2 protein chains.
Amino acid sequence: MTQRLDTILHGLEQADQHDALQRAIEALCAFYGVDHMVYHWVSSSGEQYGCGTYEDVWVERYIEKKYLRVDPVISGCYQRFHPVDWKRLDWSSKAARAFQKDAIEHGVGNQGFSIPIRGPNGQFALFSLSHNCTDDEWDAFTETNRRDLILVAHYFNKKALDLEPGRSPEPSQPLSPREIDAMTLLAVGYSRAQVAETLTISEHTLRVYIESARFKLGALNTTHAVARALARGIIVV
Amino acid sequence: MTQRLDTILHGLEQADQHDALQRAIEALCAFYGVDHMVYHWVSSSGEQYGCGTYEDVWVERYIEKKYLRVDPVISGCYQRFHPVDWKRLDWSSKAARAFQKDAIEHGVGNQGFSIPIRGPNGQFALFSLSHNCTDDEWDAFTETNRRDLILVAHYFNKKALDLEPGRSPEPSQPLSPREIDAMTLLAVGYSRAQVAETLTISEHTLRVYIESARFKLGALNTTHAVARALARGIIVV
DNA sequence: TGCCGTCTCGCCATTTTTGGGGAGTTGGAA
DNA sequence: TTCCAACTCCCCAAAAATGGCGAGACGGCA
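In this text, all values refer to a predicted model and were calculated from it rather than measured experimentally. (Residues numbered from 1 in each chain as written. Chains lettered and ligands numbered in written order. Predicted model: local features only at pLDDT ≥ 70, side-chain atom pairs only at ≥ 80, totals over all residues. Heavy atoms only, no water.)

Asker: Honestly, the overall build of chain A in this entry has me stumped. Any pointers?
Answerer: When you go through chain A residue by residue, the secondary structure sums to ten helices and five strands. Each of the 237 residues in chain A was classed as buried or not, and the buried ones make up 51%. Taking the intrachain contacts of chain A between residues at least 6 apart in sequence as the baseline, contacts between residues at least 24 apart amount to 63%. When the accessible surface of chain A is split by element, carbon and sulfur atoms take 51% of a total near 11200 Å². (Helix = DSSP H or I, 4+ residues; strand = E, 2+ residues; numbered from the N terminus. Buried < 20%, exposed > 50% of the residue type's maximum accessible area, 1.4 Å probe, protein only. Contact = heavy atoms within 4.5 Å. Areas by Shrake-Rupley, 256 points an atom, 1.4 Å probe, with all protein chains shown as cover.)

Written as C-alpha cells, this is what we have:
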C-alpha cells in the first residue's frame, strides 16, 4: 500500500505540467477507492486553480452560483488549521443546506473530508475527498488514512505552486531597519504621531521613512505599503 | 523505525501540557539523532511560544538581539511554502553572516532544515532541525526523512495550538461581503474615493463599511484594519 | 576622496481621513 | 410579525496624512 502511495507521490514530484496533477489525483482516487478528490486554491481575487474529479458541470455551477461564499467547507476550513470531516461543519444555514442538496445532486458524495493548506501571501488551498458511504465507514477510512492524506495535500500544493509562475513573490528592495520599524508599528495600529514618539524621532523623520518604504514597496499609500510589507513577509504582526 | 515514530506522534496527540511537547521534541531529537530540533511561533507581537533543544542562553540572546529580524531562516521561510535547507537561504548580508557566526558559537549546527507551517489568523510557525555534519550527509538525511518531518511539524503545530487557549479564541466577527470588498481594495492601494467609485457606492457608505470592519477587527484605524484582515487571512491580496 | 545610503530635522499648503450626528430600505431569522 | 444585520445615503468640522521644498551628519565602499 504505502509503496504504491510513494510511487504516486514520486510521480507528483516529477510533474512538470498541470496535466500531471490531474492524472495524479485520478490515480489517488482509484488507489484509495473514493469517489472524488479535489485540489483547488481559494481566493477572492481572480487567480484560480484547481484539479479534481468532480464533473465539469458541477465545477462550473459552483463558480457561477458563487458557492464559494456559501460552502461551509470553505468557511469552516478557513478558520481552522487541521483537516476536518464535513459532518462536523456547520450546515445549519438555509443556504448551506440548499448548497448541499445541489452538490449531492451533481455527484458529490454524502461524506467528505477536507484538508486546509496555507502558503505564503495568505495563499489558501483545499484538498478535499468525497464519497458515498455510511458515517462509520467514512470515519474509519479518514482515521486510517489521515496522515497520508495530509502529506498528499501538501505535495499537491507544493507542486501546484511550483508550476504557477505568477505566485512566487516578486523581490523588492529590502527595507532599512527604521523603515521596518515604521511599517511594523503602523501595522499594529499606531498613528504617525505615536510611531514617531515610540521611535523617539520627529514626525517628519518618520515621514521620510514611510515615504521611502512606500517607494521601495511600490505602494500608493501607507495602507498599501503596510499591506505589501505584510504580504511579502517583510514585517510580521 | 516508522513504528517508533508513530509512537512518538501518538504520544504527541495525547499531550495535554506544553511539557509533553518539550519531551516529545527531545524524543524526536534522540530518535533521528540530530543535534537540535525547535518548534516555535513567529510573531513580532507579544505572544510567543516555542519549545526545543537549543540552549537557553541562545534562545534569550536571540530574543534580546532581535535576531528575528535578521535570521534568514525566518525571512526565507516566510516567503515559501515548502521546507527548506538552510544552505539554500540567502546568507549574503553582513547581518546574516554575523548572526550565523553567533548561532554556531552558541551550539547551533552548521546544517539546518526548516519547515514553515501556517495556520488560521495568519499564524506562522517554524519547525527546524539543526545538526553538525557535511553537506552530503545532511542532504541524505533530509531527503530520507522529509515526509516524516513535515508530518511531525504539523502535529506539533496542531498540538501547540490546541494547548494554547489564547490562540484560537480570537474569533473576530466575520466581515460582510461589502466590508471584505472594501478591505481588499484598500489593501491594494486604492484611496477611499477610488474604492467608493469601484464599488459604485457613495464615499459615505464606504465609510460605514470601513468603520464597521474596523470595529469587528478591533482595529484602531484603517491601516490597522487592513493589516489585521490580511494577517487573519480574511482578505487575500 | 568622493559617492551613496541611512538617519535626522523643519515649515507650509492641500488633500484625505476620521469622528459626531441621523435615516431609510431590504431580506432573512426568531 | 417582529427584529436584526446588511446595505444605502447626507452634512459638518476636526484631525491626520501627503506633497513639495531644503539641509546636515554619519558610516561604508570604491
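Asker: Where do I start with the protein's contact with DNA strand D in this structure?
Answerer: What surrounds DNA strand D is a group of 17 residues, the closest being R192, R207 and R214 of chain A together with H204 and Y209 of chain B. Those atoms of DNA strand D that come within 4 Å of the protein belong to sugar or phosphate at a rate of 58%. Within the side chain of R178 of chain B, one N or O atom sits 2.9 Å away from a phosphate oxygen of DNA strand D. Between DNA strand D and Y209 of chain B, the relevant distance is 2.2 Å, taken from a phosphate oxygen to a side-chain nitrogen or oxygen of the residue. It is helix α9 (residues 203–217) of chain B that contributes the most residues to the surface near DNA strand D, five residues altogether. Residues belonging to the surface near DNA strand D are distributed by class as follows: four nonpolar, seven polar and six charged. (Near = heavy atom within 4 Å. Polar contact = N/O pair within 3.5 Å; in protein donor to acceptor, adjacent residues only side chain to side chain. Nonpolar A, V, L, I, M, F, W, Y, C, P; charged D, E, K, R; others polar.)

Asker: Is there a simple way to explain the relation of the copies chain A and chain B in this structure?
Answerer: Comparison of the two chain copies shows a relationship of rotation about an axis with a shift along it. Least-squares fitting of chain A to chain B yields an RMSD of 1.9 Å, with the superposition described by an axial translation of 0.6 Å and a rotation of 179°. A rotation of that kind, with that shift, is consistent with a two-fold axis. Interface overlap between copies: 90% of the residues of chain A at the interface are likewise at the interface in chain B, consistent with a symmetric, same-surface contact. (Least-squares fit on C-alpha atoms with pLDDT ≥ 70 in both.)

Asker: I'm lost on empty space enclosed by the protein in this one. Help?
Answerer: By rolling a water-sized probe across the atoms, one finds the places where empty space is left. The full count for this structure, using the stated rule, is three cavities of 30 Å³ or more. Its boundaries defined by the atoms lining it, the second largest cavity holds a volume of some 110 Å³. The wall of the second largest cavity is formed by H154, Y155 and K158 of chain A together with F81, H82, P83, I115, P116, R146, I150 and H154 of chain B. The residue inventory of the lining of the second largest cavity, partitioned by class, reads six nonpolar, three polar and two charged. (1 Å grid on protein atoms, 1.4 Å probe; cavity = no way out; pocket = protein on both sides within 12 Å on 5 of 7 lines; lining within 4 Å. Points joined across faces, edges and corners; volume = space filled by probe spheres on them.)

Asker: Quick question: what am I supposed to make of a negative patch on the surface here?
Answerer: All names here are of chain A. There is a patch of like negative charges on the surface, built from E55, D56, E60 and E64. In this fold, E64 is placed in helix α3 (residues 56–64). You can call E64 exposed: its relative accessible area is 64%. (Patch = residues over 30% accessible without salt bridge, like charges linked within 9 Å, V, L, I, M, F, W, Y side chains within 5 Å. Salt bridge = Lys/Arg side-chain N within 4 Å of Asp/Glu carboxyl O. Lys, Arg positive; Asp, Glu negative; His and termini not counted. Charge placed at Lys NZ, Arg CZ, Asp CG, Glu CD.)

Asker: Any chance you could explain the pairing of strand β5 (residues 124–131) of chain A here in plain terms?
Answerer: Within a regular beta strand, the side chains point alternately toward one face of the sheet and then the other, so they alternate between its two faces. Residue and element names in this part refer to chain A. Counting buried residues along β5, eight of its eight residues qualify, which places the element largely inside the surrounding structure. Of the two faces of β5, both are covered, the one formed by F124, L126, S128 and S130 as well as the one formed by A125, F127, L129 and H131. Two strands pair when backbone bridges link them, and strand β4 (residues 111–118) and β5 are joined in this way by eight bridges, in the antiparallel orientation. The residue of β5 that forms the bridge with R118 is F124. (Pairing = 2+ DSSP bridges.)

Asker: Help me out: how do you make sense of the interface of chain A and chain B in this one?
Answerer: One frequent convention defines the size of an interface as the accessible area lost when the parts assemble. Opposite the 48 residues of chain A that make contact, chain B presents 48 residues. Here chain A and chain B share an interface that buries about 4200 Å² over both sides, 59% of which is from carbon and sulfur atoms. Our count for the chain A to chain B interface comes out at two salt bridges. With a shortest N-O distance of 2.6 Å, R147 of chain A and D6 of chain B are connected by a salt bridge. Where chain A touches chain B, the interface holds ten residue pairs in polar contact (both at pLDDT 80 or more). Elements represented by at least two residues in the side of chain A that touches chain B include exactly α1 (2–14), β4, α6 (135–163), α7 (177–187) and α10 (222–231) of chain A. Ranked by residue count, the leading element in the side of chain A that touches chain B is α6 of chain A, at ten residues. Considered class by class, the residues forming the side of chain A that touches chain B number 21 nonpolar, 16 polar and eleven charged. (Buried area = accessible area lost by both parts, 1.4 Å probe.)

Asker: Can you help me understand the pairing of strand β5 (residues 124–131) of chain B in this one?
Answerer: Pairing of strand β1 (residues 36–41) of chain B with β5 of chain B, which is carried by six bridges, proceeds in the antiparallel orientation. Counterpart to W41 of chain B in the pairing with β5 of chain B is A125 of chain B.

Asker: In this structure, what is going on with the pattern of salt bridges? I would like to understand it.
Answerer: Two side chains carrying opposite charge are able to pair once their charged atoms lie near each other. Across all of its chains, the model carries 20 salt bridges over all chains by this definition. Of the charged contacts in the structure, one is a salt bridge between R61 of chain A and D102 of chain A, with a shortest N-O distance of 2.5 Å. Of the two residues, R61 of chain A is situated in helix α3 and D102 of chain A in helix α5 (residues 94–105); the sequence distance between them amounts to 41 residues. In this structure R61 of chain A comes out as partly exposed when scored by relative accessible area, which is 26%. Close ionic contact of E179 of chain B with K216 of chain B constitutes a salt bridge, the shortest N to O distance being 2.8 Å. Here E179 of chain B, found in helix α7 (residues 177–187), pairs with K216 of chain B, found in helix α9; they are 37 residues apart in sequence, far enough to count as distant.

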